[in-house]
Structures are given as structure tokens and as C-alpha cells.
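Each chain, written out:
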Amino acid sequence: MKSIQKLFKVFLDTSVLLSSLNSSFGASGFIISLFKLNKIITVISPEVISEAEKAIKNKFPLLKIPFLDFLASQPIITQKLTPKEVKSTYKIINSEDTPILAGAIKGKVDFLVTLDKKFQELAKNKVRFKILSPGKFLEEYRKSLKEVQLQAR
Amino acid sequence: MANDTSATILERVNEIEKSLQELKVDLLFDSLKKKKGMRMYRTEDILKETKKTRKQFWNEKYSKVI
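Scope of this entry: the structure provided in the associated data block. Given the structure is predicted, the values throughout are model-derived calculations rather than measurements.

## As for the overall build of chain A
Thought 1: Summing up its helical and strand segments, chain A has eight helices and five strands in all.
Thought 2: Sequence-ordered secondary structure for chain A, helices as α and strands as β, is β-α-α-β-α-α-β-α-α-β-α-β-α.
Thought 3: A globule of 153 residues ought to have a C-alpha radius of gyration of about 15 Å, and chain A, at 16 Å, matches this closely.
Thought 4: If you line up chain A on its principal axes, its C-alpha atoms span 50 × 35 × 25 Å.
Thought 5: The contacts in chain A between residues at least 6 apart in sequence include a share of 69% that link residues at least 24 apart.

## Considerations on the interface of chain A and chain B
Thought 1: Listed per partner, the contact involves 25 residues of chain A and 19 residues of chain B.
Thought 2: At the level of secondary structure, the elements contributing two or more residues to the side of chain A that touches chain B comprise α1 (14-22), α3 (46-58), α5 (83-93) and α6 (98-106) of chain A.

## Looking at unusual backbone geometry
Comment: phi is negative for the bulk of residues other than glycine, and the bulk of peptide bonds are trans.
All names here are of chain A.
Thought 1: Residues other than glycine seldom take positive phi values, yet Q74 does so here, at roughly 55°.
Thought 2: Following the sequence through the fold, Q74 ends up in the loop between α4 (64-72) and β3 (76-77).
Thought 3: Positive phi is not limited to glycine here, since K108 has a value of about 50°.
Thought 4: Residue classification places K108 among the partly exposed positions, given that 13 C-beta atoms sit within 10 Å.

## Some details on the environment of I77 of chain A
Residue and element names in this part refer to chain A.
Thought 1: With respect to the helices and strands, I77 occurs in strand β3.
Thought 2: Along the chain, I77 and T89 lie twelve residues apart, while their C-alpha atoms are 19 Å from each other.
Thought 3: Each residue touching I77, except ones within four places of it in the same chain, is listed here: I44, S45 and P46.

## A look at the environment of K55 of chain B
Thought 1: Within the fold, K55 of chain B resides in helix α2 (residues 43-62).
Thought 2: Placed eleven residues apart in sequence, K55 of chain B and E44 of chain B show a C-alpha to C-alpha distance of 17 Å.

Cut-offs used in this document
- Residues numbered from 1 in each chain as written.
- Chains lettered and ligands numbered in written order.
- Predicted model: local features only at pLDDT ≥ 70, side-chain atom pairs only at ≥ 80, totals over all residues.
- Helix = DSSP H or I, 4+ residues; strand = E, 2+ residues; numbered from the N terminus.
- Rg over C-alpha atoms; globule rule 2.2 N^0.38 Å.
- Contact = placed C-beta atoms within 7 Å.
- Buried ≥ 20, exposed ≤ 12 C-beta atoms within 10 Å, placed from the backbone.

Listed below in C-alpha cells is the structure:
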């Protein structure tokens with residue numbers, strides 16, 4: 001019987017999204033490559049888009065075209081958060097990262113990937129999905145590939 | 001005699017081929033290293049700017065909801 005690899009649903013924090021647009025050769029860039037090859041499902045939220053737009057406008061103008069190109073690849077964009085969702089997530093982490101975490105919860109993802117170590121620590125074991133750095137996520141992805149290959153033998 | 005010469009030449013050709021392969025691998029890794037450095041901005045700056053933007057949005061929009 002042939003085993004089928006589950007498509008991971010991955011929420012990109014703004015830091016990872018911008019970093020992936022900045023270079024294709026790092027771990028963040030590799031995640032976007034996996035998305036473009038339909039190996040993972042990428043999820044972002046309106047909050048991530050607003051943050052990215054503002055950061056690009058203020059500091060990183062060269063990322064404008066790669067950002068538009070990414071949006072044209074049609075990642076899943078979650079619906080706008082309700083005040084109730086913001087409040088309930090604030091009870092979990094009590095930080096400015098609340099809207100981002102709430103977006104990932106709303107998107108029913110398997111992973112949230114962020115470059116912010118503090119954010120990773122803050123939400124660790126408090127939600128159903130894993131919050132990892134891009135490098136750690138790639139390790140998990142590789143591990144799951146190996147498991148599928150073993151099952152298929 | 002002729003066989004000895006051919007063997008020597010083949011041995012030499014093999015050595016040259018081996019050296020060429022090593023050179024190709026070195027060149028490949030070297031170019032990959034250079035590509036790794038092909039970033040437009042520093043990752044630290046991206047993280048810093050993201051945090052700053054997030055804080056602004058939080059103060060302007062979300063903190064009022066809580």
C-alpha cells in the first residue's frame with residue numbers, strides 16, 4: 001500500500017514571510033519554495049499582510065515585487081479577526097503577538113513559523129499546533145517525509 | 001612496451017579526470033556559499049522592523065479591544 005504525505009498547513013509570521021522574500025537560499029526561502037511546489041499549504045492573515053506592507057513601505061522597498069508575486073501565488077488568507085477572537089487569544093499569550101497567534105488559530109494550521117524566539121517560547125504548549133523557527137520546521141518536514149518513505153516500503 | 005605506455009597515459013588521464021571532478025565540486029560549493037549571502041536586507045533588521053510595526057498596530061488597534 002502506498003502511503004501519502006499529509007500536506008502540512010503552515011502559518012507564516014511576518015518575519016518569516018519577509019525573510020523568505022529577501023533570500024531564496026535560507027530556511028524561510030526554502031519554505032516558500034515548498035509552497036510553490038505544492039508540498040505544503042501556506043496560510044497568512046490580514047494582520048500579516050498589513051504588517052508586511054507597512055514594513056516594506058518603511059524599510060524594505062526592494063521586497064515589494066517579491067511580496068506581490070507571493071500574494072499572486074494565492075496563499076490561504078484567513079478572515080479578519082473578531083474582537084472576541086482577539087480577546088480570547090490575549091488570555092493565552094498576553095502579548096502584542098496576539099493577533100498573529102489568533103490568525104493561526106483561526107486558520108486551523110499544523111505549524112506557525114516565526115523568527116521571533118520570544119514568540120516561540122511565549123506560546124509553546126499553549127496551542128494545538130507547533131510554533132517553530134523555519135529551520136526547525138524544515139527538520140519536522142524532513143522527518144515526516146522519511147516516515148512516509150519507510151511506511152511505503 | 002606499447003602496452004606500458006598506454007597504461008601510463010591512461011593512468012595520467014584518470015588522475016587529470018579526478019582532479020577535474022574535485023575542481024568542479026569546489027566550484028559548485030563556492031558558488032552556493034556566495035548565493036547564501038545574496039540577501040537584500042539583514043535578517044536582524046527584518047525581525048526588528050516586524051516587531052516595531054507589530055507594536056504600533058497593537059497600540060493603535062488591538063489594545064483598545066482588550
